[in-house]
Amino acid sequence: MEPETQHHHVSMKSPRSLGVVIKLGTSSIVDEKTHEPLLSNLTLIVETAVKLRKDGHKVIIVSSGAIGVGLQRMDVERRPKHISKLQALAAIGQCRLMSLWDSLFNHLRQPIAQILLTRSDISDRSRYLNAQNTIHELLDMGVIPIVNENDTLAVSEIKFGDNDTLSAITAAMVHADLLFLMTDVDCLYDKNPRTNPDAQPIEVVEDIGALVADVSQAGSSLGTGGMSTKIVAARLATSAGVTTVITRSSSPGNIHKIVRHIQGSRSPASLTTQINHPSTASLASLNNNSDSVTGTSTPAVAVNPSSEQVPAVIDRSQIPLHTRFLPSPSPVRDRYFWILHGLRPHGTLYIDQGAYKALLGKAGLLPVGVVDVEGFFAQQEAVRLCVVDKRRSTPGPDGKMWEGEAVEVGRCLTNYASAEIARIKGHQSVEIGQLLGYADSEYVAQRESVSFYNTVSRPASPVGGHRV
C-alpha cells in the first residue's frame, strides 16, 4: 500500500483556517430559459469566495454550467439527448465558463485554476493522489481551484452522474472542513414548503440515515441533480468527516455568514451534540436509500472546553436558514475512502459471519470464509462485500449458497479474479496451490484492501452474470 502521509495533507487544517468547498449547480450560473449567465449571482459568489479567502480560509468551487453556457453560445434552446452533442456543447461552454469566472475574479485580483475530472481519474490511484496534491498546491499558493466534471470526455460509464457527488468526493479528497451544496431552497424541510404552509425546517442532521425530509424538489431542466442527489452527497461527505450544508444559491452571501457562525461555535463540525426534536413527517423516498427512522430538527448548541452543552451565544436572527449535516465521529479517509467511493464495483463477494468478524478484528479475508461470488472481475478490481446469515452446503432452490438476507457492509480489492475465487471459495488457504496450480496469496483480500461503511444499513445489490 502506498504511503498516504504527504505534507500537503494538513494544508487545509490550521486553528483559524477552514477548507471550504462550494458546489454550484447550472441553475446558479445560467438562466434556465434564456441560458444567459446570471452575472449578479456570479458576482456575489465571487465576492463571497474572496471574503472567505481574506478571512484565511481555503476555498474550492465545484462549478457546473459548461453545457448550459454552450447552449447559449450556439443558440440551442433545449438540452440535447445525444451524448456526442452534449460533449460538443460542453467543450464550447467550458471555455466561456472559465473565461467568465476568470474575468469576475480578476476584478478582485484573485487567481483561479481549472481542474477537470472524470470518474476514471478518481478510480486510478496514482491520478487520484496527483489530483489531491495539485489541489493542495494551488490552495497553498492562494489560488481558488474551480473543479468540474470533464463532460467533453466522460461517458455514462465513467461519469459521476452529477456535480453533487463530484463535490463530495473533492471535499473528502482534500480533507475539507465544510461542503456547501447550493440549491433553490433555504434548507431541508420535513414536508414540501410549496404545498404545506406548516412545513418545518430541519436545521441540523446528526444521523443522515435517520433523516425524514421532503426531497420532492427536482433538478432544473439544465442540470442533473435534485434534492435527493444532495442527500446522497451529504451522506458521502459526512462519512469522510466533512460538515455539509444545504442553503439557498440565490443568496451566496449566506455562505460567509454560516462559516463565521460555525467558526464562532469553536468546532468546524459545529456542535456534535444535539437536542432532539422528533419530526412528525412521513418518510419520503430518498432515491434508493431506504433507511427509515425518525429525523431530527435541532437548535444550535456550542461545545465548551469542559464538554458541557450550552446554548451558543449568537444572535439567531443573524444566522441564515440552512441545514447542516454533522460529520461522522469516526470518518473514513484516504485509501479506505477511495476504496469505498472512488471505485466502481465489478462484482460481489458473499462472506460468512466468521469471516466478517475476522475482518473487523483486522485479519485478512481467507478463502474459507467466502460463501459465493457474483460478477466477472479481474485481480485488484473493486467488489462489494456482503455478509450472509447462514451458509448452505449445497445450492438452495433459489440457486444461492446461503440462507437469509445478504447485507452489503463494504468494498474490497481482491487478490484473485472472480473465476479463481469461485474455485477456491470455502477451501483452506493451503489448498489454493493445488486448486489453481499457483498461490499468489493466502488471502482473497488483504485487510488494508478492505473498507467498511460506517453504518451497515444497505442490502446487497445482486450482480448476475456480467451486469455489474
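Everything that follows concerns the structure shown earlier in this document.
Treat the numbers as computed from the prediction; the structure is a model and nothing was measured.

**As for the overall build of the chain**
From N to C terminus, the chain includes 13 helices and 20 strands. Counting across all 468 residues of the chain, residues that qualify as buried make up 54%. Element-wise, carbon and sulfur atoms account for 51% of the exposed surface of the chain, whose accessible area totals about 20,900 Å².

**Remarks on the packing of aromatic side chains**
Following the criterion strictly, the structure yields 3 aromatic pairs and no others. Arranged with centres 6.0 Å apart and planes meeting at 35°, the rings of Trp 101 and Phe 105 form a pair that is tilted. Remark: Phe 105 and Trp 101 occur in helix H4 (residues 83-106); sequence separation between them is 4 residues, near one turn of the helix. The same class applies to Trp 101 as to Phe 105, namely buried. Ring geometry for Tyr 356 against Phe 452: centres 5.6 Å apart, planes inclined by 75°, an arrangement best described as edge-to-face. Of the two residues, Tyr 356 is situated in helix H11 (residues 353-360) and Phe 452 in strand S19 (residues 450-452); the sequence distance between them amounts to 96 residues. Here Tyr 356 matches Phe 452 in class, with each residue buried. Sitting over the face of the ring of Trp 338, Arg 125 holds its NZ or CZ atom 4.8 Å from the ring centroid.

**Considerations on helix H6 (residues 125-140)**
For the α-helix, the turn length of 3.6 residues means that residues three or four positions removed from each other point alike. With 16 residues, H6 ought to run about 22 Å at 1.5 Å a step, and its terminal C-alpha atoms sit 23 Å apart, in line with that. Buried positions along H6 lie against strand S2 (58-63), strand S3 (112-117), helix H5 (119-123), strand S4 (144-149), helix H7 (163-173) and helix H10 (334-342). Just downstream of H6, Gly 142 is the residue with a positive phi angle, here 85°.

**Concerning the nonpolar core**
Looking at soluble globular proteins, one finds that nonpolar side chains tend to be buried together. Leu 179, Leu 188 and Phe 325 are the most contacted members of the largest nonpolar core, which has 50 residues in total. Counting only elements with at least two residues in this core, the list comes to S2, S3, H6, H7, strand S5 (178-183), helix H8 (227-239) and H10. If we ignore the near neighbours within four places in the chain, the residues touching Leu 179 are Val 21, Ser 167, Ala 168, Ala 171, Ala 237, Val 242, Thr 243, Thr 244 and Val 245.

**Some remarks on the packing of helix H2 (residues 39-54) against helix H9 (residues 253-264)**
Two numbers describe how H2 lies on H9: the axes approach to 8 Å, and their chain directions differ by 25°. Considered as vectors, H2 and H9 are oriented roughly parallel to each other. Between H2 and H9, the contacting residues are Thr 48, Lys 51 and Leu 52 on the first element and Gly 253, Ile 255, His 256 and Val 259 on the second. Taken together, the residues of the contact of H2 with H9 break down into 3 nonpolar, 3 polar and 1 charged.

**Describing unusual backbone geometry**
If you check the backbone angles, His 35 has positive phi at about 65° while not being a glycine. Within the fold, His 35 resides in the loop between helix H1 (26-29) and H2. Look at His 35 and you get buried, because its relative accessible area is 3%.

**Some remarks on H11**
Buried within H11 we find Ala 355, Tyr 356 and Leu 359. Down the axis of H11, the sector holding all buried residues measures 100°, keeping them to one side. The secondary structure elements touched by the buried residues of H11 are strand S13 (348-351), strand S15 (382-387), strand S18 (407-413) and S19. Its side-chain oxygen 3.3 Å from the backbone nitrogen of Gly 354, Asp 352 forms the N-cap of H11. The positive-phi residue at the C-terminal boundary of H11 is Lys 362, with phi of around 75°.

How each quantity is defined
Residues numbered from 1 in each chain as written. Predicted model: local features only at pLDDT ≥ 70, side-chain atom pairs only at ≥ 80, totals over all residues. Heavy atoms only, no water. Helix = DSSP H or I, 4+ residues; strand = E, 2+ residues; numbered from the N terminus. Buried < 20%, exposed > 50% of the residue type's maximum accessible area, 1.4 Å probe, protein only. Areas by Shrake-Rupley, 256 points an atom, 1.4 Å probe, with all protein chains shown as cover. Phe/Tyr/Trp six-rings, centres within 6.5 Å; stacked < 30°, edge-to-face > 60°. Lys NZ or Arg CZ within 6 Å of the ring centre and 35° of its normal. Expected span 1.5 Å × (residues − 1). Contact = heavy atoms within 4.5 Å. Core = buried A, V, L, I, M, F, W, Y, C linked by side-chain atoms within 4.5 Å. Axes fitted to C-alpha atoms, helices over the stretch in contact; angles between N-to-C directions. Parallel < 35°, antiparallel > 145°, perpendicular 65-115°, else oblique. Nonpolar A, V, L, I, M, F, W, Y, C, P; charged D, E, K, R; others polar. Arc of directions from axis to C-beta. Polar contact = N/O pair within 3.5 Å; in protein donor to acceptor, adjacent residues only side chain to side chain.

Fair warning: the whole summary comes from geometry, so function is off the table for now.
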